[in-house]
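Coordinate inspection notes
For reference, the chains in residue letters:
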Amino acid sequence: MKTQITELFGIEHPIIQGGMHYVGFAEMAAAVSNAGGLGIITGLTQGTPEKLAKEIARCREMTDKPFGVNLTFLPAVTPPDYPGFVKVIVDSGVKAVETAGNNPQKWLPALKEAGIRVIHKCTSVRHSLKAESIGCDAVSVDGFECGGHPGEDDVGNWVLLPRAAEELKIPFVASGGVGTGSQLVAALSLGADGINMGTRFIATKEAPVHENVKQAIVAASELDTRLVMRPLRNTERVLTNAGVERLLEKERTLGSNIKFEDIFAEVAGVYPKIMVEGQMDAGAWSCGQVAGLIHDIPTVKELIDKIMGDAHEIISQRLKRFDA
Ligand SMILES: Cc1cc2nc3c(=O)[nH]c(=O)nc-3n(C[C@H](O)[C@H](O)[C@H](O)COP(=O)(O)O)c2cc1C
């Protein structure tokens, strides 16, 4: 399937694996790229530019296909070494970067000069237009269903994607809530040139996370995610667990007086406990409503082949019938 996204990134299938903290290691990215999608290493998980350079080199040993790096720009008192991360990415010869969070404008000249394609993740049409205006090559439009940070506008992809199609000139992928071939076809119908998936890729054989995490996603329904940190305007969609319910109780009790310090225990340093140790009640970790559509733990190749096979069948058979 050729789309503007497959052409832009030099990949076989229009499927991207979004950056995921403590999931997007070399094993994950290489598995997705080897299966014909675009795998993404999560830059900040590595902690330092030097470690990211090693992770990129490790990924290169596992695949000769294109893969990318996610750089998430967070509001932080002591920001990560962003200049160092950008330099490592440029020097490594990686040709795709997924940016997310704050406006990536400051870093675009260095990335573009190195011939790197930049796809910025946005949760609104206005941020997507901003990304287009500063020179991003594509946008990942992340609807309210998504695992992670859906922003504060609460617009689902059923409306957000066609709205993006009305306004954007650069290509975009549908992100958030996607896990099946029928959704890929729907995304294409709504104007997207591909899909970006997070949660779905965690429940795969190759995902380098504790088995408990995969089983929790399979066991979860579409009703099992919660929105935390709303009062702090830093909303995150997470899978519910004892830690998350504790956090929500604090949000209810403290109301608008809540500060980040109040919920520190349930959000800070949680990812290694969950993803590495499998302590499923440790606190808040991102998970999308698509969990309700995830019933198995296939290999990444089986997953991508099934999505593409189903998509082709729907386009050539089911949709053809309605065109008579
Ligand atoms: C466990 C997890 C961790 C994530 N970490 C990041 C991150 O560090 N940076 C980022 O830009 N997006 C992050 N995301 C968001 C994904 O890249 C992607 O946009 C999102 O998962 C899409 O929604 P879906 O989960 O419904 O597929 C994360 C998502 C999950 C599920």
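About the cut-offs
- Residues numbered from 1 in each chain as written.
- Predicted model: local features only at pLDDT ≥ 70, side-chain atom pairs only at ≥ 80, totals over all residues.
- Pairing = 2+ DSSP bridges.
- Helix = DSSP H or I, 4+ residues; strand = E, 2+ residues; numbered from the N terminus.
- Axes fitted to C-alpha atoms, helices over the stretch in contact; angles between N-to-C directions.
- Near = placed C-beta within 6 Å.
- Nonpolar A, V, L, I, M, F, W, Y, C, P; charged D, E, K, R; others polar.
- Buried ≥ 20, exposed ≤ 12 C-beta atoms within 10 Å, placed from the backbone.
- Domains from an automatic or database assignment.
- Contact = placed C-beta atoms within 7 Å.
- Arc of directions from axis to C-beta.
- Core = buried A, V, L, I, M, F, W, Y, C linked by C-beta atoms within 7 Å.

This part covers the sheet that holds strand S3 (residues 67-73). One open sheet accounts for 8 strands, arranged S1-S8-S7-S6-S5-S4-S3-S2; its pairing is parallel. Of all strands in the sheet, those with a lone pairing partner are strand S1 (15-17) and strand S2 (39-42), marking the two edges. Averaged over neighbouring strand pairs, the angle between their axes works out to 30° when direction is ignored. In this sheet, S3 lies alongside S2 in parallel orientation, the contact comprising 4 bridges. In the sheet register, Ile-40 faces S3, and the bridge partner there is Gly-68.

Let us look at the site of the ligand. Not every one of the 29 residues close to the ligand is listed here, only the nearest: Gly-18, Ala-100, Gly-147, Gly-198 and Gly-288. Among the elements of the structure, S3, strand S8 (195-197) and helix H9 (199-202) are those that each provide at least two residues to the shell around the ligand. Residues belonging to the shell around the ligand are distributed by class as follows: 9 nonpolar, 16 polar and 4 charged.

Of note in the backbone geometry, Tyr-22 takes a positive phi value of approximately 65° without being a glycine. Note on Tyr-22: 18 C-beta atoms within 10 Å, which makes it partly exposed. Look at Asp-154: it is not a glycine, yet its phi comes out positive at around 60°. With respect to the helices and strands, Asp-154 occurs in the loop between strand S6 (138-142) and helix H7 (157-167).

Moving on, we come to the domain arrangement of the protein. Looking at the assigned domains, one finds that the protein contains domain 1 (4-204) and domain 2 (221-286). A separation of 24 Å is found between the C-alpha centroids of domain 1 and domain 2. The interface is formed by 10 residues belonging to domain 1 together with 8 residues belonging to domain 2. Looking at the side of domain 1 that touches domain 2, its residues break down into 4 nonpolar, 5 polar and 1 charged.

A few words now on helix H12 (residues 260-267). Taken together, the buried positions of H12 are occupied by Ile-263, Glu-266 and Val-267. Buried residues of H12, seen end-on, are gathered within an arc of 80° and therefore sit on one face of the element. Residues of H12 that are exposed and point over 90 degrees away from its buried face: Glu-261 and Phe-264. Taken together, the buried residues of H12 touch helix H11 (242-254) and helix H13 (270-276). Gly-269 sits one or two positions beyond H12 and adopts a positive phi of about 65°.

It is worth spelling out the nonpolar core at this point. Ala-29, Ile-41 and Ile-217 are the most contacted members of the largest nonpolar core, which has 89 residues in total. When we break this core down by domain, the ones giving at least three residues each are domain 1 (4-204) and domain 2 (221-286). Sequence-distant contacts of Ala-29, defined by excluding residues within four places in its chain, comprise Gln-17, Gly-24, Gly-39, Ile-40, Ile-41, Cys-59 and Phe-67.

Position of Ile-16 among the secondary structure elements: in strand S1. Sequence separation between Ile-16 and Gly-39 is 23 residues; the distance between their C-alpha atoms is 6.3 Å. Ignoring any residue separated from it by four or fewer positions in sequence, one finds Ile-16 in contact with Gly-37, Leu-38, Ile-40, Val-173, Gly-194 and Asn-196.

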